[in-house]
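Here are the chains, one letter per residue:
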Amino acid sequence: HGFLHLVPWASLMDQTGRFLVEDFNIQVSPSVQVLALALLNATKLKGQESHKLTVIGGDVEREEGSKLPFPFEDPVADESDVIAEGLGCAVSVGGADAVLSAMHGARLVHVGGEVLSDYAEGVSWGGFISKGGVISSKSVETAELAAELVVTPCSNHSKRALLRGGDGVIGLSRAFICAGAPTVIYSLWNTPHQSHSSLLLKFYDNLRVQ
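The structure contained in this document is the topic of the report that follows. (Residues numbered from 1 in each chain as written. Predicted model: local features only at pLDDT ≥ 70, side-chain atom pairs only at ≥ 80, totals over all residues. Heavy atoms only, no water.)

**Describing a nonpolar patch on the surface**
Link 1 in the chain: A contiguous nonpolar surface patch, about 700 Å² in accessible area, is contributed by Leu4, Trp9, Met13, Phe19, Val21, Phe24, Ile26 and Val28.
Link 2 in the chain: Turning to its location among the elements, Trp9 is positioned in the segment before helix H1 (32–44).
Link 3 in the chain: What makes Trp9 partly exposed here is its relative accessible area of 33%. (Patch = residues over 30% accessible without salt bridge, like charges linked within 9 Å, V, L, I, M, F, W, Y side chains within 5 Å. Areas by Shrake-Rupley, 256 points an atom, 1.4 Å probe, with all protein chains shown as cover. Salt bridge = Lys/Arg side-chain N within 4 Å of Asp/Glu carboxyl O. Helix = DSSP H or I, 4+ residues; strand = E, 2+ residues; numbered from the N terminus. Buried < 20%, exposed > 50% of the residue type's maximum accessible area, 1.4 Å probe, protein only.)

Here it is as C-alpha cells:
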C-alpha cells in the first residue's frame, strides 16, 4: 500500500474525462484482513434498530499566532455544532471515557476533531482531538461500536507520519473498523470547514431519505 493511500481515487478520470466515481462505487481498505473484518461488521449490524446519532466535538483552540489552513475561515468556528444542529443531536465532549461512551450504541458517529495522523501510542498510529484531549486509535480499538458509519472529515495525511513509519489517516480508520464499524469516511487533506459541513449535511439528509 504505502503511497497508494495518497491516491484520490474518487477524482480519477477515465480516457473520456468521466470521473470513475460516476460509474463505480469506490471503496478503499487498508488491507485484505481489514476488508474482511469490515464485511463481517456489516453482517453483524444488519437489522439493528438504533437511531442514536453521535457528534464528537473538536478542539477549536489554537496557539497564539498559529495560522489557519484556510485564511478565510472563522478562527473559532466549530463545524461540530453545525453538524449536530443539522442532525438534531447534542455535541459530545470530554475525555476518552466520555467520548467512547457517547459512541457506544450509536448508528452514526461524526468526529469533529482534527485527526492526528502522526500520533502514536504503542504500535497504534493515529488519533483525534476532542474537547477533552487526544483520543488515540488504541483507545478507539477497544470500543465496541454498533455504528454503521463513522465520518472523520478533519483528516489530513501527514508526510512526517509516513516518514516516521506511520500510515497517515489509515491508522484511525483501521481502529474504527476493528471496533466494529463497517464503513469509515475520511478526507485525505484539509478542507475548509464551511465547505465540508455543507456537503456533509446534504449527505446526511440523503441518508435519511434512504
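Structure's up, so let's keep going.
**Let's talk about helix H2 (residues 79–87)**
Link 1 in the chain: For H2, every residue scored as buried is listed here: Glu79, Ser80, Ile83, Ala84 and Leu87. Considered in projection along H2, the buried side chains sweep an arc of 135° and stay on one side of the axis.
Link 2 in the chain: Where H2 terminates, the next one or two residues include Gly88, which has phi positive at roughly 75°. (Arc of directions from axis to C-beta.)

**What about the nonpolar core?**
Taken as a class, soluble globular proteins show a tendency for nonpolar side chains to be buried jointly.
Link 1 in the chain: If you look at the biggest cluster of nonpolar residues, it comprises 24 residues, and the most contacted ones within it are Met103, Val109, Phe128, Val140, Val150 and Phe176.
Link 2 in the chain: Considering every element that reaches this core, the biggest residue donor is helix H6 (residues 170–178), with 4 residues.
Link 3 in the chain: If near-sequence neighbours (up to four positions away) are discounted, Val140 is found in contact with Leu100, Phe128, Ile135, Leu172, Ala175, Phe176 and Ala179.
Link 4 in the chain: In this structure, Ile83, Ala84, Leu87 and Leu108 belong to the second largest nonpolar core, which totals 9 residues. (Core = buried A, V, L, I, M, F, W, Y, C linked by side-chain atoms within 4.5 Å. Contact = heavy atoms within 4.5 Å.)

**Remarks on the environment of Cys154**
Link 1 in the chain: Looking at where Cys154 falls in the secondary structure, it is placed in the loop between strand S8 (149–152) and helix H5 (159–163).
Link 2 in the chain: In this structure the C-alpha to C-alpha distance between Cys154 and His193, which are 39 residues apart in sequence, comes to 8.2 Å.

**Description of the environment of Val28**
Link 1 in the chain: Inspection of the secondary structure assignment puts Val28 in the segment before H1.
Link 2 in the chain: C-alpha of Val28 to C-alpha of Trp9: the two residues are 19 residues apart in sequence and 8.6 Å apart in space.
Link 3 in the chain: Excluding anything up to four places from it in sequence, Val28 contacts Trp9 and Tyr186.

**Some words on the sheet that holds strand S1 (residues 53–56)**
Link 1 in the chain: Strand order in the open sheet formed by 5 strands is S2-S1-S3-S8-S9, with parallel pairing between adjacent strands. Every other strand in the sheet has two partners, leaving strand S2 (91–92) and strand S9 (184–186) as the edge strands with one partner each.
Link 2 in the chain: Where S1 and S2 come together, 2 bridges link them in parallel fashion. Bridge pairing in S2 links Val55 to Val91.
Link 3 in the chain: Against the sheet, helix H3 (residues 96–103) touches S1, S2 and strand S3 (108–111), its axis set at about 155° to S1.
Link 4 in the chain: Contacting S3, S8 and S9, H6 crosses the sheet at an angle of about 160° to S9. (Pairing = 2+ DSSP bridges. Axes fitted to C-alpha atoms, helices over the stretch in contact; angles between N-to-C directions.)

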